[in-house]
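Chain by chain, the residues:
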Amino acid sequence: MHNINSLLSEFENIASNPRKQLDKILSEGKKAIGVMPYLCPEELVLAAGMVPFGIWGAETQVSEAKRYFPAFICSILQTTLELGIRGAYDGLSAIMIPFACDSLKCMGTNWKYGVKTIPVIDVAYAQNRSSQAGIEFSVSQFKKIAGSLAQIAQREISSEDVKEAILVYNRNRAALRAFSKAAAQHPEAVRPGQRCDVIKAGYFMPRDEHTALVEKLTAALDSLPPAKQDCLRIVTTGIIADSPALLKILAENNMCIADDQIAHESIFFREDTPLTDDPYVGMARRIGNIQGCSILFDPGKKRAAMLASLAKEAQADGVLYIQTKFCDPEEFDYVPVKKVMHSAGIPMLMVEVDQQMSSFEQARSAVETFAEILRQKRL
Ligand code: SF4
């Protein structure tokens, strides 16, 4: 357990000090590229010999960004722009911003005005993403992005470079999938907040280094004797669950994360990039293969059925819908997801979170009540 605790502390330290991590990358003479959600082609950054640096906002109060965004834009974008204006990302050579939702469509322009020192690389991929035309469109976009990255890195990006980078990412995704399973088997060793830190740390460090640490942790978890499974098993869904206060409330109510359908977590690592002769095609296919995410076109709302299967496979007691405040795509999905959970007999609670939130008392009461209902259901 000592080894596990020291590894978990290392992940926590990395996850809670992104600026320190960025300074470390820069001090090693490497260039770093900011990567905003969702599904930016990070492999191309690595293929260009640079380090992708994940940007998902942070818990902070917003003042400067209010000059650019109305108050009802999600806190991921508000806090990211705020931190950009305050200089928290100084040193990045560029930032990749996708057009994944209506709010993100304004982000690139606001960033260009608010943070003039860090240029924007626009990221687009097809919404009809698995059709032949969609694949071709995404490939053309990825090649354009590779051109911009090559200019910043001042070197060519070959197909072999991209293929090698894909292998690094696939190995990282496999390591995270194995960790997620091991953590669900050992809730006595990995609390919800620690699970989040392990995944989050990967956004702030070179992926191969992250993989090595995650593999070490998983091996240590796998060597533990089987744990008593008396916690309430929860599957989380949403955009991001990186809310230390909420995750602490889950732990206090003896809840563990059995699996997730969260963009910041499993949606990043559930699908590998297929290995194809033209690596850009594989990257485009991966986007086509990803399902269950509110920002990706999902006719028929398959997300809901996927979530029900995930909850059943994970033998979950219930589902926690973590609604990012002012996130339209998630609000639209809530009703169909709720209907499917209801007909599948899976209890679900929705909790609204916000990176500017200071009081979690309402969430605490809701989680406590939900935990009580789940315990009663088990009897
Ligand atoms: S999908 Fe939602 S949380 Fe993500 S950037 Fe758009 S509005 Fe914000």
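Scope of this entry: the structure provided in the associated data block.

About the cut-offs
- Residues numbered from 1 in each chain as written.
- Predicted model: local features only at pLDDT ≥ 70, side-chain atom pairs only at ≥ 80, totals over all residues.
- Helix = DSSP H or I, 4+ residues; strand = E, 2+ residues; numbered from the N terminus.
- Rg over C-alpha atoms; globule rule 2.2 N^0.38 Å.
- Buried ≥ 20, exposed ≤ 12 C-beta atoms within 10 Å, placed from the backbone.
- Contact = placed C-beta atoms within 7 Å.
- Near = placed C-beta within 6 Å.
- Nonpolar A, V, L, I, M, F, W, Y, C, P; charged D, E, K, R; others polar.
- Core = buried A, V, L, I, M, F, W, Y, C linked by C-beta atoms within 7 Å.
- Pairing = 2+ DSSP bridges.
- Axes fitted to C-alpha atoms, helices over the stretch in contact; angles between N-to-C directions.

Structural notes on the overall build of the protein
The secondary structure content of the protein amounts to 15 helices and eight strands. Scaling as 2.2 N^0.38, a compact globule of 379 residues should have a C-alpha radius of gyration of about 21 Å, and the protein matches this with 20 Å. Sorting the 379 residues of the protein into buried and exposed places 49% on the buried side. In the protein, the proportion of contacts linking residues at least 24 apart, taken out of those at least 6 apart, comes to 73%.

A few points about the site of the ligand
In the neighbourhood of the ligand, 14 residues make up the surrounding shell, with Cys74, Cys101, Ser103, Thr324 and Cys327 lying closest. Tallying contributions element by element places helix α14 (residues 328–344) first for the shell around the ligand, with three residues. For the shell around the ligand, the per-class residue count stands at 10 nonpolar, two polar and two charged.

Focus: the nonpolar core
Ranked by internal contacts, the top residues of the largest apolar core, which has 121 residues, are Ile33, Leu44, Phe53, Met96, Ile234 and Val319. Ranked by residues supplied to this core, first place goes to helix α7 (residues 159–185) with 10 residues. Ignoring any residue separated from it by four or fewer positions in sequence, one finds phenylalanine 53 in contact with Leu22, Ala32, Ile33, Gly34, Val35, Leu92 and Phe204.

Side note on the sheet that holds strand β8 (residues 348–353)
Each strand in a sheet pairs with another by means of backbone hydrogen bonds, the pair being arranged parallel or else antiparallel. An order of β6-β5-β7-β8 is seen for the four strands of this open sheet, with the pairing classed as parallel. Strand pairing shows two members of the sheet lacking a second neighbour, β6 (255–262) and β8, which therefore form its edges. Along the sheet, successive strands turn relative to each other by an average axial angle of 25 degrees, direction set aside. Here strand β5 (residues 232–238) pairs with β6 via seven bridges, running parallel. Along β6, the bridge assignment pairs glycine 238 with isoleucine 262.

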